Amino acid sequence: MKNKRKIINDPVLGFINIPNDFLYDLIQHPYVQRLNRIKQLGLSSFVYPGAQYTRFQHSLGAMYLMGEAIAQLRQQGHEITPQEAEAVRVSILLHDIGHGPFSHSLEHSLVTGVSHEELSLLMMRKINEDFDGRIDLALDIFQNRYHKKFLHQLVSSQLDMDRIDYLSRDSFYTGVSEGTIGAARIIKMLNLHNEELVVDIKGIYSIEKFLVARRLMYWQVYLHKTSVAAEKMLMNILKRAKQLAAQGAELFCSPALHYFLYRHVDKSHFMSSSEPLEHFALLDDSDIVCAIKVWSSHPDIVLSTLCRAFTNRKLFKVEVQDKAFPIQKQEACLKQYMEHFGIDRSEAGYFIGEEIVSTDTYNPKDDRINILYKDGSIKDIADASDMLNISVLTKKVEKHYFCYYKL
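Keep in mind it's a predicted model, so treat the numbers as computed, not measured. (Residues numbered from 1 in each chain as written. Predicted model: local features only at pLDDT ≥ 70, side-chain atom pairs only at ≥ 80, totals over all residues. Heavy atoms only, no water.)

1. Looking at the sheet that holds strand β8 (residues 352-359)
- In spatial order, the strands read β7-β11-β8; together these 3 strands make up an open sheet with antiparallel pairing. Each having just a single partner strand, β7 (317-321) and β8 make up the two edges of the open sheet. Strand-to-strand twist across the sheet, computed as the mean angle between neighbouring axes with direction ignored, equals 20°.
- Here β7 runs beside strand β11 (residues 397-404); their pairing, made up of 5 bridges, is antiparallel. (Pairing = 2+ DSSP bridges. Helix = DSSP H or I, 4+ residues; strand = E, 2+ residues; numbered from the N terminus. Axes fitted to C-alpha atoms, helices over the stretch in contact; angles between N-to-C directions.)

2. Regarding the side chain of S91
- Within the fold, S91 resides in helix α4 (residues 82-93).
- Take S91: its relative accessible area is 0%, and that puts it in the buried class.
- Excluding residues within four positions of it along the chain, S91 makes contact with M124, A138, I141, F142 and V155. (Buried < 20%, exposed > 50% of the residue type's maximum accessible area, 1.4 Å probe, protein only. Contact = heavy atoms within 4.5 Å.)

3. Thoughts on unusual backbone geometry
- You will see that D132, though not glycine, has its phi angle at about 55°, which is positive.
- Topologically, D132 is positioned in the loop between α5 (116-130) and α6 (136-142).
- D132 sits in the exposed class, given a relative accessible area of 75%.
- Not every positive phi belongs to a glycine, and N194 is a case in point at roughly 55°.

4. So, helix α17 (residues 327-341)
- Between the first and last C-alpha of α17 there are 21 Å, a value that for 15 residues agrees with the 21 Å anticipated at 1.5 Å per step.
- Taken together, the buried positions of α17 are Q330, C333, L334, Y337 and F341. Considered in projection along α17, the buried side chains sweep an arc of 100° and stay on one side of the axis. Exposed and oriented more than 90 degrees from the buried face of α17 are Q328, K335 and E339.
- Residues of α17 that are buried make contact with α16 (301-311), α18 (345-348), β8 and β11.
- Looking one or two places after α17, you find G342, whose phi comes out positive at around 70°. (Expected span 1.5 Å × (residues − 1). Arc of directions from axis to C-beta.)

5. Description of the layout of surface pockets
- Volume-wise, the second largest pocket comes out at about 230 Å³.
- Lining the second largest pocket are 16 residues; nearest its centre among them are K39, F46, F102, V289 and F310.
- Mapped by element, the contributors of at least two residues to the lining of the second largest pocket are α15 (285-295) and α16.
- At 4 residues, the largest contribution of residues to the lining of the second largest pocket is made by α15. (1 Å grid on protein atoms, 1.4 Å probe; cavity = no way out; pocket = protein on both sides within 12 Å on 5 of 7 lines; lining within 4 Å. Points joined across faces, edges and corners; volume = space filled by probe spheres on them.)

6. Here we look at the pattern of salt bridges
- The tally for this structure, following the rule as stated, stands at 14 salt bridges.
- With a closest N to O distance of 3.3 Å, E86 and R134 form a salt bridge. Within this pair, whereas E86 is found in helix α4, its partner R134 is found in the loop between α5 and α6, the two being separated by 48 residues in sequence.
- E86 sits in the buried class, given a relative accessible area of 16%.
- Where E118 meets K267, a salt bridge forms, and the shortest distance between an N and an O atom there is 2.6 Å. Placement of E118 in helix α5 and of K267 in helix α13 (residues 267-272) is noted, with a sequence separation of 149 residues between them.
- Through salt bridges that share partners, D10, D165 and R169 make up one connected network. (Salt bridge = Lys/Arg side-chain N within 4 Å of Asp/Glu carboxyl O.)

7. Overview of the pairing of strand β1 (residues 7-10)
- Taken together, the 4 bridges between β1 and strand β2 (residues 14-17) define a ladder with antiparallel strand orientation. Directly across from D10, in β2, lies its bridge partner G14.
- Hairpin geometry of β1 and β2 is characterised by an intervening segment of 3 residues between the two adjacent antiparallel strands.

So, in structure tokens, the structure goes:
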């Protein structure tokens, strides 16, 4: 018989074990293996060359941390059945399978009106069919329909295993030490109060550091102006390609990419037919990269110029400020492109982009991180912490990005 009790050497977490045959078989499913071909950090490698790890690595890491969290809660005396333990591991393992190539870029250009969370749920349901209903409980936990709410919190909350893994991993692979968190310490401090996830008072400083690290990673990595510029350029490339396809132009692309380029696909199509999901499951980073390399020599000057710039890292320049940019700035750029390339106004629009980016690192209205005191009382971290930083982190920060092609 084949030994499926594998041990994986992970550079961030050490040795990760696959605890049973079913989880091994699940990991072997094509939907999960596809994550090997999608970068976790999207286009961040344009800024941090080491940021090249995959969503598959992250999913395995999150599954491992889930096992550690289960063991900790059981040690605290809380009952988690073997079936629940397996289901919550499955839920976190599959939480990211709905991501498209380069993370969010596909969501806003080739496919409209459907989020990666919704696609993840559709793919999980298909996997459930393939395994004869074996992950029914995992689906209930994923959708927060199971009566033990803390299991869903471990999968999706302000302090879930997803965030704990990706913060540790992103910090490691980018080399941004400010994002380092005490993952093991945080998990050791987990407890339950009225069937909800809490953190023992002894772990308050680890949570404070976790929230500060998350804020620093958002602005230093995830929303770095060069990453935003690269994503905006990629989105404009895909939008231009889709427009040319609608006009009947022949574009080199894989069958999976061809399906989305030459059709309008939105949420209703995914809900009414299995065909879009079948094609989506075949899309990964390589489809996009290969197409962009070939499009670099396409006769359309807009598409070819953007593709050459993207391939050779001549990315959009970016200016960032706290308020909206004047319309005159956009008009001046459009005029330049129209004269330089001999194109019309709508075509010139592909060489600029504007983004309004906002984030609040911690919002107790969405979901709370509760601190458990020795007397059994609980308090929100924003109230329990004596750090000024925590109250600052609850405020929404908004920045305006203006991206433009430099002639």
